[in-house]
Amino acid sequence: MEWSLQPAEDLVAALRAGEVTSVQLTDEAIARIERDDKVINAICVPDFDRARAAARDADRARARGEERPLLGVPVTVKESYDVAGLPTTWGMPQYREYVPAEDAVQVSRLRAAGAVVLGKTNVPLGLQDLQSFNEIYGTTNNPWDRARTSGGSSGGSAAALVSGFGALSIGSDIGGSLRTPAHFCGVYAHKPTLGLVANRGMVPPSAPALPVDLDLAVVGPMARTARDLTLLLDVMAGPDPLTLGVAHDLTLPPARHQRLSDFRVLVLDEHPFIATGSAVRAGVGRVAEALADGGAHIERHTALLPDLAEAATLYMQLLFSGSAARFPVEVYEQFRARAAALSADDRSLDAARLRGMVFSHRDWIEANDRRELHRHGWRRLFAEFDAVVCPITPTPAFPHDHSPDLLVRRIDVDGVEYPYLDQLVWAGLATMPGLPATAVPAGLSPDGLPVGVQLIGPMFEDRTPLRLAELLERRIG
């Protein structure tokens, strides 16, 4: 039997039953990588010798009667996580030789759970793209169509999962970096509630691995099934033991419902800033139909929904305020001059991004106050609904585009061009207020490309969209 494409849950059961060993699973995964990754380029930093040693240790531990959630299961890790003894570059050539001495907290949790780390997966330069390519490791191709991107910034992880290079992977998300690759590659991912999963050691190279609470950014699980997402989230979730973990224990509330017929779902497929492509609109429609067929209560409009245009503007301002905060002074001054030249009437997302780059602390506080109003609006909405279904990006995976300036790139949506970064608005819908969102496959486009949607849930009720994802998986496949 070939094990490489089996769910992690099934691998755990087979290992427990003695049907397979971790050494066998690991050798099969490595053989598959060595055979197939030449054209995909998902695994940028292999760690096969240590993986085989870890597999032998896992088999010995099981023989002693040990039980751990992922004991003996082969997994991968996004390149941006610190792994002791392996380079962490974030795709930046100047850090080609940087090797951290300690594992990131999530890598430590994977190892403590018994997982076998096969290696690290490719990313874009500085994690700043919806594609995964860089000067050090090259381009990761989409396994469904190698002329197209696998997504970013966790694109290597998504491509690895589709290709059978490990049963699980861990990534990160601030601009859809978990959800977009899952959507482009036809796998599952979960963006946890902001602050639910400790992120220490998922830091730019040479930066100290401190327990910092980052604005907007999260780390989270990727998998080939919805149930595997929950399995991995349970390993990852919980406060950093150096900070909140000193005094806090995690107890996630159960999913609001177990049956599809009990869910109340708001379905969205239109955004004021960018059109939704026909393939993605059809994917949202398939999910809505599956929900309705299962007896769920579906609505497509509600006065409770926070204003989507203001939400997108706030997201862009906060996102680019953070990303530009460490720009050199001379670059910052150039952007400040450009922002000052904007018309006061310019409410485009390009203008929001530019203004965000030069936010003062006062500006940021004002934007954060408006974010809190949006969070309260979402609390009111989730008193009436259990989840929101909406796109992740407006299109399936697009052809590779390596033009250097993201601010001048364009994205084609059914023949109409939009600013490249405007496609982030759907990802930002959950990111700006810090809500959990689960990416689920929703079938194929007419061109045979995967299409996904996201299920947005109430803050810290991550098990609710995860459960809904499980129920939809049974109906959509």
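Structure shown above.
The notes below deal with the structure included here. The structure displayed is predicted, hence computed values, not measured ones.

## Points about the overall build of the protein
A tally of helices and strands in the protein yields 14 helices and 17 strands. In summary, the protein has a C-alpha radius of gyration of 21 Å against a globular reference of 23 Å for 477 residues, a match within 12%. Along the three orthogonal principal directions, the C-alpha set of the protein runs to about 70 × 55 × 50 Å. By the burial criterion, 58% of the 477 residues in the protein qualify as buried. When contacts within the protein are restricted to residue pairs at least 6 apart in sequence, those whose partners lie at least 24 apart make up 76%. Put simply, the protein shows about 18600 Å² of open surface, and 53% of that area lies on carbon and sulfur atoms. Put simply, the protein has 47 plus and 60 minus side-chain charges, and the middle of one group is 2 Å from the middle of the other.

## Quick word on the nonpolar core
Ranked by size, the top nonpolar core spans 67 residues in total, and within it Leu70, Val73, Tyr81, Leu291, Val389 and Leu468 carry the most contacts. The greatest single-element share of this core, amounting to six residues, is contributed by helix 7 (residues 226–236). Residues within four places of valine 389 in sequence aside, it is in contact with Val265, Leu266, Val267, Leu268, Val284, Val287, Leu291, Val453, Gln454 and Leu455. The next biggest cluster of nonpolar side chains, apart from the first, holds 47 residues, and it includes Leu319, Ala352, Phe359 and Ala437.

## Overview of the packing of aromatic side chains
Per the stated rule, a full pass over the model turns up four aromatic pairs. Ring geometry for phenylalanine 184 against phenylalanine 398: centres 5.7 Å apart, planes inclined by 85°, an arrangement best described as edge-to-face. With phenylalanine 184 in helix 6 (residues 179–185) and phenylalanine 398 in the loop between strand 13 (387–391) and strand 14 (410–413), the pair connects residues that are 214 residues apart, well separated along the chain. For phenylalanine 398, a relative accessible area of 7% translates into the label buried. Taken together, a centroid distance of 5.7 Å and an interplanar angle of 25° make the contact between tryptophan 378 and phenylalanine 382 stacked. Residue tryptophan 378 and its partner phenylalanine 382 are located together in helix 12 (residues 361–384), separated by four residues, close to a single helical turn. Each member of the pair, tryptophan 378 as well as phenylalanine 382, is classed as buried. One aromatic cluster is present, built from ring pairs that chain together Phe184, Phe398 and Tyr420. Between arginine 409 and the ring centre of tyrosine 420, over which it is positioned, the NZ or CZ distance is 4.8 Å.

## Observations concerning the packing of helix 7 against helix 14 (residues 463–476)
It is the contact of helix 7 with helix 14, at a shortest axis distance of 8 Å, that shows an interaxial angle of 155°. Relative to helix 14, helix 7 is oriented roughly antiparallel. Contact residues: Ala226, Arg227, Leu229, Thr230, Leu233 and Asp234 in helix 7; Arg463, Leu466, Ala469, Glu470 and Glu473 in helix 14. Across the contact of helix 7 with helix 14, the residue classes tally to five nonpolar, one polar and five charged.

## Things to note about the packing of helix 4 (residues 105–112) against helix 7
Where helix 4 meets helix 7, the axes come as close as 9 Å, and the angle between the chain directions of the two elements is 115°. Overall, the two elements helix 4 and helix 7 adopt an arrangement that is roughly perpendicular. Like other packed secondary-structure pairs, helix 4 and helix 7 cross with a definite hand, here right-handed. Where helix 4 abuts helix 7, its residues Gln106, Arg109 and Leu110 lie against Leu232, Val235 and Met236. Tallied by class, residues from the contact of helix 4 with helix 7 come to four nonpolar, one polar and one charged.

## Concerning a nonpolar patch on the surface
On the surface, Leu210, Val212 and Leu214 cluster together into a nonpolar patch covering about 240 Å² of accessible area. Positionally, leucine 214 belongs in the loop between strand 9 (188–191) and strand 10 (218–223).

## Overview of the side chain of threonine 180
Along the chain, threonine 180 falls in helix 6. For threonine 180, a relative accessible area of 1% puts it in the buried group. Discounting chain neighbours no more than four positions away, the residues touching threonine 180 are Leu130, Gly152, Gly175, Ile392 and Thr393.

## A look at the sheet that holds strand 8 (residues 168–173)
Strand order in the open sheet made by the 11 strands is 1-3-2-8-10-9-16-17-13-11-12, with mixed pairing throughout. Edge positions in the open sheet fall to strand 1 (43–46) and strand 12 (297–299), since each of these has one partner strand only. Each strand of the sheet is rotated relative to its neighbour by a mean of 30°, with strand direction disregarded. In terms of strand pairing, strand 13 meets strand 17 (residues 450–456) through four bridges, oriented antiparallel. Residue cysteine 390 lies in a different strand from strand 17, and its bridge partner there is glutamine 454.

The rules behind the values
Residues numbered from 1 in each chain as written. Predicted model: local features only at pLDDT ≥ 70, side-chain atom pairs only at ≥ 80, totals over all residues. Heavy atoms only, no water. Helix = DSSP H or I, 4+ residues; strand = E, 2+ residues; numbered from the N terminus. Rg over C-alpha atoms; globule rule 2.2 N^0.38 Å. Buried < 20%, exposed > 50% of the residue type's maximum accessible area, 1.4 Å probe, protein only. Contact = heavy atoms within 4.5 Å. Areas by Shrake-Rupley, 256 points an atom, 1.4 Å probe, with all protein chains shown as cover. Lys, Arg positive; Asp, Glu negative; His and termini not counted. Charge placed at Lys NZ, Arg CZ, Asp CG, Glu CD. Core = buried A, V, L, I, M, F, W, Y, C linked by side-chain atoms within 4.5 Å. Phe/Tyr/Trp six-rings, centres within 6.5 Å; stacked < 30°, edge-to-face > 60°. Lys NZ or Arg CZ within 6 Å of the ring centre and 35° of its normal. Axes fitted to C-alpha atoms, helices over the stretch in contact; angles between N-to-C directions. Parallel < 35°, antiparallel > 145°, perpendicular 65-115°, else oblique. Nonpolar A, V, L, I, M, F, W, Y, C, P; charged D, E, K, R; others polar. Left-handed = near helix turned anticlockwise from the far one by under 90°. Patch = residues over 30% accessible without salt bridge, like charges linked within 9 Å, V, L, I, M, F, W, Y side chains within 5 Å. Salt bridge = Lys/Arg side-chain N within 4 Å of Asp/Glu carboxyl O. Pairing = 2+ DSSP bridges.

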